[in-house]
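Structural overview for review
Here's the letter readout for the chains.
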Number of protein chains: 2
Amino acid sequence: MAKLPNMLSLWNLLVLSLALNVSLILRMVSESQERYIGSSCFKKQGDGHVFHEGSLTISSSLSSNFANSSRANHPQGNGRVINLDHGDPTVYETFWRQMGDKTTITIPGWQSMSYFSDASNICWFLEPELAKELVRLHNVVGNAVTDGRHIVVGTGSSQLFLAALYALSPPDAAEPISVVSAAPYYSSYPSMTDYQKSGLYKWAGDADSFEKEGPYIELVTSPNNPDGYVRRSVVNRSQGLLVHDLAYYWPQYTPISSPADHELTLFTVSKSTGHAGMRIGWALVKDQEVAKKMTKFIELNTIGVSKDSQLRAAKVLRAVSDSCVQERRFQGEESFFKFSYNIMSQRWKQLRATVERSGMFSLPRFSPAFCTFFTQILEPQPGDPVFLQLSCG
Amino acid sequence: MAKLPNMLSLWNLLVLSLALNVSLILRMVSESQERYIGSSCFKKQGDGHVFHEGSLTISSSLSSNFANSSRANHPQGNGRVINLDHGDPTVYETFWRQMGDKTTITIPGWQSMSYFSDASNICWFLEPELAKELVRLHNVVGNAVTDGRHIVVGTGSSQLFLAALYALSPPDAAEPISVVSAAPYYSSYPSMTDYQKSGLYKWAGDADSFEKEGPYIELVTSPNNPDGYVRRSVVNRSQGLLVHDLAYYWPQYTPISSPADHELTLFTVSKSTGHAGMRIGWALVKDQEVAKKMTKFIELNTIGVSKDSQLRAAKVLRAVSDSCVQERRFQGEESFFKFSYNIMSQRWKQLRATVERSGMFSLPRFSPAFCTFFTQILEPQPGDPVFLQLSCG
């Protein structure tokens, strides 16, 4: 844990720098009426006033949470607050509007009433249609091996993160297993791990300075949230169990190098297609017993996952795969990933220009790499800083 | 815990008795082609063969779980198994089919993308439309006070049960708070409470024999699952915190005596309308701080609740309320509760007739009481034994 305070200070500084830049961007927006920035973010939360120029209070605390920060945006709240605690990926709404009825789902009142989706599957609450589309999408994008994997669906990848901790923890150990991740890590990992004070697992901080003997769980987030860098495990000891959180391993954020081939990998529609409100995530799990235990966790936690959202996710993912296939066939068409890549690219350009103009801060540069999906060398353009910025548009 | 083994034996006996009777019912069904029994239950899980006459293995273990029992029903499974571990309330599907398009929901691909539903609400992920329909339904049915209550939505009431334990537990106590319920209790309560080995709360068994000093949480399930009796808290000590699980406090199962007026009450659409696949539950919470902590739990657990299912639930609940209002206005119309009451009534008659014919077992009798919803004296007809039976039809 020795490094943590330093890393947090650095991260706080980065957030502060982004905060300051956001106010500059807001000026740019109001002056030039740019089309993209903040076109849709948080529009349901306020009446617009909170984002206008004026006396702004900037909330950059890492310990603030969804509820606090959302309430801070309410028009009746005290002061005007820009929330930099988290993003909301409504940026892709434009694409889905353009798709018209193609991804509209209609569910009659008598459908999907049962608890069960597929009793022959280890994950008995996984809709077969969703399972099919997940395998197809990973094959089309080339970002994950699905052969020999069990799919476990979750209420967002948060639930699957907790299910993974439960499944990987030794059930009868004398003390909880250590959970680590290299700093800077996703700010919710410590609280998600420890809020139940579980006797099975316990947050143990920065993986880089983890020196305890014995079994441990290492969370590898790649591209990393918050800093966007591609990552590998850092502890590398024999008793390590790895959870790969690949929420951002999609072509709009980072060059796809090869299909991810890990023991336990997490994905979510929130970041891939932008449908955060669906709360649908999935895990690709090699070990059958781990998949069973994760399923058991979700059974005890929520007795399955919304069928309505699973069916809707299946339809949306099918449209994403179709758009990729059509783009390859008819070069004029624009796939979902081309669209979202272009948006990310435009926003990074604007962010870099603004930061440069300020002369006070700098943004990291990411090494370009060959992307097997776009079949060209491209620069990474991480999602989170851009989402943060967008939440203030 | 002294009474527990006895109570479990009794309950095992009851399950066994139901199991034997089910095989008799199956004979009745195949001989007389009865219309109702098992018309829809588990139809997605097998090919029908498992339920035909022949050599049947009856699984009556209380410790079996959803996954095991569902796999046991798979046509490729070994032997023929009747699952008596749990029910699946697809029994109401007929009603929702009759409603035609009235409860069909259409969601365009670009809708409900944000994490947020209502940032002005403590429960920031609660869809305002659902909140409105929940209040209306409780007012129409008269089964719960909603004035002065915060609504917290959950991924089924299971998640809200866990959220309630989290919210009510002292965060810094020297030892976990005891969680008790009078036996026989819902068979999942112990495992749901203890599977994370939380340092905040711990299962402490039968409330009737609970004698430990200090704070405790008592779960009051009324009508009770599994035995159907109306219940009140039994410990009644000053440091007790109560969670009322009123999943079955609806007119088709039990006479509504008065609007429930408790500190923390749980409901679910699974049992009220039969839409188990939606995974939507809700809590009515008097204390604002408790509502905040429950919301925080769900934020850390799943970052909210499927918007799609919330919107669908709102539409279904609106139809339920509408059907009640129309029935009162035009006496010929049949409300959802009249329909479901009649199905329950018919199934209890069949169950009682079969058990009587066996001469070996008996079913409990429930005292009739005045129902403020139907404005007449009616006999309770608990849901769970009937759902159990139905899962074998």
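Refer to the structure presented above.
Residues numbered from 1 in each chain as written. Chains lettered and ligands numbered in written order. Predicted model: local features only at pLDDT ≥ 70, side-chain atom pairs only at ≥ 80, totals over all residues. Heavy atoms only, no water.

Description of the nonpolar core
- Trp96, Met294 and Phe337 of chain A together with Trp96, Met294 and Phe337 of chain B are the most contacted members of the largest nonpolar core, which totals 178 residues.
- Discounting chain neighbours no more than four positions away, the residues touching tryptophan 96 of chain B are Gly109, Trp110 and Met113 of chain A together with Thr103, Thr273, His275, Val316, Ala319, Val320 and Phe336 of chain B. (Core = buried A, V, L, I, M, F, W, Y, C linked by side-chain atoms within 4.5 Å. Buried < 20%, exposed > 50% of the residue type's maximum accessible area, 1.4 Å probe, protein only. Contact = heavy atoms within 4.5 Å.)

Here we look at helix α4 (residues 128-141) of chain B
All names here are of chain B.
- Its 14 residues give α4 an end-to-end C-alpha distance of 20 Å, which sits within 8% of 20 Å, the value for a rise of 1.5 Å per residue.
- Every buried residue of α4 is listed here: Leu130, Ala131, Glu133, Leu134, Leu137, His138, Val140 and Val141.
- Taken together, the buried residues of α4 touch β4 (150-155), β9 (264-268), β10 (280-285), α9 (307-329) and α10 (336-358).
- The first or second residue beyond α4 is glycine 142, which carries a positive phi of 75 degrees. (Helix = DSSP H or I, 4+ residues; strand = E, 2+ residues; numbered from the N terminus. Expected span 1.5 Å × (residues − 1).)

Section: the packing of helix α5 (residues 156-168) of chain B against helix α8 (residues 288-302) of chain B
All names here are of chain B.
- Contact pair α5 / α8: the axes reach a minimum separation of 8 Å and the direction vectors enclose 125 degrees. Classified by the angle between their axes, α5 and α8 sit oblique to one another. Of the two elements, α5 crosses α8, and the hand of that crossing is right-handed. In contact with Gln159, Leu160, Leu162, Ala163, Ala164, Tyr166, Ala167 and Leu168 of α5, α8 contributes Val290, Lys293, Met294, Lys296, Phe297, Ile298, Leu300, Asn301 and Thr302.
- Each residue belonging to the contact of α5 with α8 can be placed in one class, and the counts come to 12 nonpolar, 3 polar and 2 charged. (Axes fitted to C-alpha atoms, helices over the stretch in contact; angles between N-to-C directions. Parallel < 35°, antiparallel > 145°, perpendicular 65-115°, else oblique. Left-handed = near helix turned anticlockwise from the far one by under 90°. Nonpolar A, V, L, I, M, F, W, Y, C, P; charged D, E, K, R; others polar.)

Side note on the pairing of strand β10 (residues 280-285) of chain A
All names here are of chain A.
- The element β10 is largely enclosed, with a buried count of 6 among its 6 residues.
- Covered by surrounding structure in β10 are Ile280, Trp282 and Leu284 together with Gly281, Ala283 and Val285, the residues of both alternating faces.
- As defined by bridge partners, strand β4 (residues 150-155) adjoins β10 across 6 bridges and the pair is classed as antiparallel. By the bridge assignment, histidine 150 is partnered in β10 with valine 285. (Pairing = 2+ DSSP bridges.)

Thoughts on the pairing of strand β9 (residues 264-268) of chain A
Residues and elements named next belong to chain A.
- With respect to burial, β9 is a largely interior element, 5 of its 5 residues being buried.
- The alternating pattern of β9 places Leu264, Leu266 and Thr268 on one face and Thr265 and Phe267 on the opposite face, and all of these are buried.
- Note that strand β8 (residues 240-245) and β9 share 2 bridges and pair parallel. Along β9, the bridge assignment pairs histidine 244 with threonine 265.
- Of the pairings in the sheet, the one linking β9 to β10 comprises 5 bridges and is antiparallel in character. Across the sheet, leucine 264 pairs through a bridge with valine 285, a residue of β10.

Topic: the sheet that holds strand β7 (residues 216-221) of chain B
All names here are of chain B.
- Overall, mixed pairing links the 7 strands, which are arranged β4-β10-β9-β8-β7-β5-β6 in an open sheet. Edge positions in the sheet fall to β4 and β6 (201-206), since each of these pairs with one other strand and no more. Averaged over neighbouring strand pairs, the angle between their axes works out to 25 degrees when direction is ignored.
- Pairing of β7 with strand β8 (residues 240-245) involves 6 bridges; the strand directions are parallel. Residue valine 220 lies in a different strand from β8, and its bridge partner there is histidine 244.

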